[in-house]
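# Chain and residue survey
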Amino acid sequence: MSGKIVTIERHILDKQRKFPQATGELTSLLYDLALAGKMIANETRRAGLTNILGKAGTTNVYGEQQQKLDMYADSIIFKLNDHTNRLCAMASEEHEDLLEIPAHYGKGNYVLLFDPLDGSSNIDVNVSVGTIFAIHRKITKGEKGTMSDVLQSGRNLVAAGYMIYGSSTMMVYTTGNGVSGFTLDPSIGEFLLSHDDIRIPEPPKFYSCNQGYEKQWTYGVRRYTKWLQGIDGEGHEPLSARYIGSMIADFHRNLLEGGVYYYPGDVNKPFGKIRLLMEAQALAFIAANAGGYASDGVGDILDVQPHRLHQRAPLFIGNKALVRQAEAFIRQHDQAWIEQYTPYREQTVIEA
Ligand code: AHG
Ligand code: MN
Ligand code: MN
């Protein structure tokens, strides 16, 4: 019989076999995340039917209104990972501080960072949402995980991925050696390999940003957008605009079809909106492994040394040449913004 069926478990195990020194801990951690993805997908699908729909009436650490599904996703990921002995620390977009792992279980070698539900403002209108995760190795010597284990640069990531709850549910992940995509077959409850070795295709098709904010944008970002539209500069066809407002959905489309997503810093918000640790680093690692690139407008996002758990970063991500072009426009036109932003980028003091 030709054509093999590759479940996510088989795929993760096959990758692990190539590293004889691997203990299987990371394999199991990824598998637990896949299970969390299935559970969240299940609940997301029922969101329109059950009273899970709607705002829960509380706000997260950014002062944003939380939806019930955010909290459900948050607690599922925590509960599936707090007792496995694989983690020494967890951090979620929905919690101000590190998530405490019961002492007995919190001696693992890895750190898990996550955005439990990305695009939560889209739940009520039946638009794709997602989950983002990033995994670091513990770097401090003590038994417990500390802020230093969490505040690592993206260069140290050992794995990152996301689940997208769209017309189908997918899990996409990388351990630094290619990007693989799996589609959930709901009839059997398994993720099956559907997108092997994902590479961002050329030529790019789409640009994705919230152009409603153009008034606040720096001049360089405006000029860059005109360039993408083929209005400024010569030599390329205009790109199509697509913006869902769930970064995971915008990123996923551009990963498979080619393009660039950006959420720049602007005059009111020099650091933009996207969280460096729970969102930007993971997607930057995936983009880099698919032949793409992610920048904060100054340089590689993976080189930014985090100094605060909920730090934000401007983000330009996707096709490498398009992201480099954004950097060029910013370098040329936005010196004032660069001067305001760069000290923050280079700050290394850990603020607990
Ligand atoms: P989250 O739902 O986790 O808070 O993230 C929402 C983010 C991102 O997914 C999306 O691209 C962006 O916010 C949309 O923001 P705007 O409405 O400001 O464009
Ligand atoms: Mn998000
Ligand atoms: Mn979120």
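What counts, and where the lines are drawn
Residues numbered from 1 in each chain as written. Chains lettered and ligands numbered in written order. Predicted model: local features only at pLDDT ≥ 70, side-chain atom pairs only at ≥ 80, totals over all residues. Heavy atoms only, no water. Domains from an automatic or database assignment. Contact = heavy atoms within 4.5 Å. Salt bridge = Lys/Arg side-chain N within 4 Å of Asp/Glu carboxyl O. Helix = DSSP H or I, 4+ residues; strand = E, 2+ residues; numbered from the N terminus. Donors = N, O, S within 2.8 Å, 3.2 Å for Na, K, Ca; no water. Buried < 20%, exposed > 50% of the residue type's maximum accessible area, 1.4 Å probe, protein only. Pairing = 2+ DSSP bridges. Axes fitted to C-alpha atoms, helices over the stretch in contact; angles between N-to-C directions.

### Concerning the domain arrangement of the protein chain
A common way to express how large an interface is: the accessible area buried when the components associate. In terms of domains, the protein chain is made up of domain 1 (8-195) and domain 2 (206-346). Averaged C-alpha coordinates put domain 1 and domain 2 at centres separated by 24 Å. In this assembly, 48 residues from domain 1 lie in contact with 33 residues from domain 2. Summed over the shared surface of domain 1 and domain 2, the number is three salt bridges. Among the ionic pairs, Arg155 bridges to Asp300, the shortest N-O distance being 3.0 Å. Counting only elements with at least two residues in the side of domain 1 that touches domain 2, the list comes to strand E3 (87-92), strand E4 (110-118), strand E5 (129-137), helix H4 (147-150), strand E6 (159-165) and strand E7 (169-174).

### What to know about the coordination of the manganese ion (ligand 2)
Protein ligation of the manganese ion (ligand 2) involves Asp115 (OD), Asp118 (OD) and Glu279 (OE), the donor distances falling in the range 1.8 to 2.1 Å. Within one chain, the residues serving as donors to the manganese ion (ligand 2) are arranged as D-x2-D-x160-E. Separating the manganese ion (ligand 2) from the manganese ion (ligand 3) is a gap of 3.7 Å, which Asp115 spans by donating to each of them. Here Asp115 is found in strand E4, whereas its partner Glu279 is found in helix H7 (residues 276-289), with 164 residues between them in sequence. For Asp115, a relative accessible area of 0% translates into the label buried. On the basis of relative accessibility, which here comes to 2%, the residue Glu279 falls in the buried class.

### Let's talk about the pattern of salt bridges
Enumeration according to the criterion identifies 12 salt bridges in this entry. Salt-bridge contacts for Arg275 lead to Glu93; the nearest nitrogen and oxygen are separated by 3.6 Å. Of this pair, Arg275 sits in the loop between strand E12 (259-263) and H7 while Glu93 is found in the loop between E3 and E4, placing the two residues 182 residues apart along the sequence. With a relative accessible area of 4%, Arg275 lands in the buried category. Through salt bridges with shared partners, a single ionic network connects Glu93, Arg275 and Glu279.

### Description of the sheet that holds strand E9 (residues 190-195)
With respect to topology, seven strands assemble into an open sheet ordered E3-E4-E5-E6-E7-E8-E9, the strand pairing being mixed. The two strands at the open ends of the sheet, each matched to only one other strand, are E3 and E9. Direction aside, the axes of adjacent strands within the sheet are offset by 20° on average. Direction of pairing for E4 relative to E5: antiparallel, over a ladder of seven bridges. For Leu112, the partnering residue across the bridge sits in E5 and is Ile135. Along the sheet, helix H3 (residues 68-81) contacts E3, E4 and E5; its crossing angle with E4, the most-contacted strand, is approximately 160°. Of the strands in this sheet, E3, E4, E5, E6, E7 and strand E8 (179-185) are in contact with H7, which crosses E5 at around 80°.

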